[in-house]
Amino acid sequence: MHIGFIGLGNMGGPMARNLLKAGHRLSVYDLSTTALAGLLEAGAQQSESPAAIAQSGVDLIITMLPAGAQVRQVYLDNDGLLAHVPPGVLLIDSSTIDPMTAREVAAAAARQGNPMLDAPVSGGTAGAAAGTLTFMVGGSEADFHQAEPILAAMGTNIVHCGDSGNGQVAKVANNLLLGISMIGVAEAMSLGVALGMDANVLAGVINASSGRCWSSEIYNPFPDVVENSPASRGYSGGFGSDLMLKDLGLASEAAKQVRQPVILGALAQQLYQAFSLQGNGALDFSAIIKLYRQEH
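Here the structure is a predicted model, which is why all the values come from computation and not from measurement.

Asks: Mind showing me how you'd approach the overall build of the chain here?
Replies: Secondary structure summary: the chain contains 12 helices and nine strands in total. Computed over C-alpha atoms, the radius of gyration of the chain comes to 20 Å, within 12% of the 19 Å expected from 2.2 N^0.38 for 296 residues, which places it in the range of a compact globule. Expressed along its principal axes, the backbone C-alpha trace of the chain runs to roughly 65 × 45 × 35 Å. Looking at the 296 residues of the chain, the share that counts as buried comes to 50%. Nonlocal contacts in the chain, meaning residues at least 24 apart in sequence, comprise 62% of its contacts between residues at least 6 apart.

Asks: Looking at this structure, I do not really get the nonpolar core. What am I missing?
Replies: Across soluble globular proteins, nonpolar side chains have a tendency to be buried as a group. One finds F5, M15, L26, I62, I92 and F135 to be the most contacted residues of the largest nonpolar core, which totals 32 residues. At the level of secondary structure, the elements contributing two or more residues to this core comprise β1 (2-6), α1 (12-21), β2 (25-29), α2 (33-42), β4 (60-63), β5 (90-93), β8 (133-138) and α7 (141-151). Excluding residues that lie within four positions of it along the chain, F135 makes contacts with M15, S94, A119, P120, V121, L151, M154, G155, N157, I158 and V159. With 30 residues, the next largest nonpolar core counts L178, Y219, A231 and Y235 among its residues.

Asks: Is there a simple way to think about the pairing of β8 in this case?
Replies: Taken residue by residue, a regular strand's side chains alternate between the two faces of the sheet. Within β8, five of the six residues are buried, which leaves it mostly tucked inside the rest of the structure. Bridge count between strand β7 (residues 121-122) and β8: two bridges; the pairing is antiparallel. Following the sheet pairing, V121 is matched in β8 by F135. With six bridges joining them, β8 and strand β9 (residues 155-162) adopt parallel strand pairing. Pairing of G138 across the sheet is with G162, part of β9. Each parallel crossover has a hand, and the one from β8 via α7 to β9 is right-handed.

Conventions used here
Position labels on residues start from 1 in each chain and follow its written sequence. Local features are withheld for residues below a pLDDT of 70 in this predicted model, meaning they are given only at 70 or higher, and side-chain atom pairs are given and counted only at 80 or more; totals for whole chains, interfaces and linings count all residues. Excluded from the side-chain calculations are hydrogens and water; all other atoms, namely the structure's heavy atoms, are used. By definition, any uninterrupted DSSP run of H or I lasting at least four residues is a helix, any uninterrupted run of E lasting at least two residues is a strand, and each is numbered from the N terminus. Values of the radius of gyration come from C-alpha atoms, whereas the globule rule sets the reference at 2.2 Å times the count of residues to the power 0.38. Exposure classes here rest on a 1.4 Å probe applied to the protein chains alone. A residue is buried below 20% of its type maximum, exposed above 50%, and partly exposed in between. Contacts are assigned to residue pairs that have any heavy atoms within 4.5 Å of one another. We call a set of buried Ala, Val, Leu, Ile, Met, Phe, Trp, Tyr and Cys residues a nonpolar core when their side-chain atoms join them within 4.5 Å. Should DSSP find at least two bridges between two strands, the strands are regarded as paired. Here the term right-handed applies to a crossover when the path leading from its first strand over the helix to its second strand runs clockwise, the strands being oriented away from the viewer.

In structure tokens:
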């Protein structure tokens, strides 16, 4: 299949590589010449703009962009995708954006005869490289089934979440919970160690008890509790604190639109905002434990 791919950053680049490995032909675009160079070396073809992607005879287009503003620009600008893509070409946006923007762009695509799915991902850069991402997909069931074999080249868990925008709903809700749970584990671990308990013993108790969760067991924020976790390598790599802050902001904005309280989410957003303002935005989000461990 001839696939257009726009956005070759830390997530998009590895995803595109996996499509090439699966035997697909790729036309790619990114503002970064460095990101483009890596994909061209792997066998992709360069396009000069999103419009050029749309006009290149692709069967399907995937976008992986930083935020809703870029999604609007790439799809809705006068020289964007929707101004040039032929009817019938399936569009998949794997960016993490607010559900309302996803639904607005999908509606604009539908008006000119282009089916569109929102398909944000979970699994981080490691999952993108390994092809083990989770895709949370919003859109029609028929379009989902059409896209499923393509998404399977990049992920191992592909979930149809319902109508347009619901992929973003699932992503926002999941990351809201993840941010809150990481702060909870950081607080509990810091308290236990301050009271004199060994961090590894405490983590073992938590993970065999009712406090067990992904943030405690797989991604514990205390150094040297989980081998090869970001916490055990100086909080490098992983999912950046600024990215968590962005996702908590998306949750907060979406909640306002439906008048749904997110009390703990708002507090988590404030904590990550303070952490980022201290210059820690590039650290993995588990580094939030530094707010509780002053000596570190």
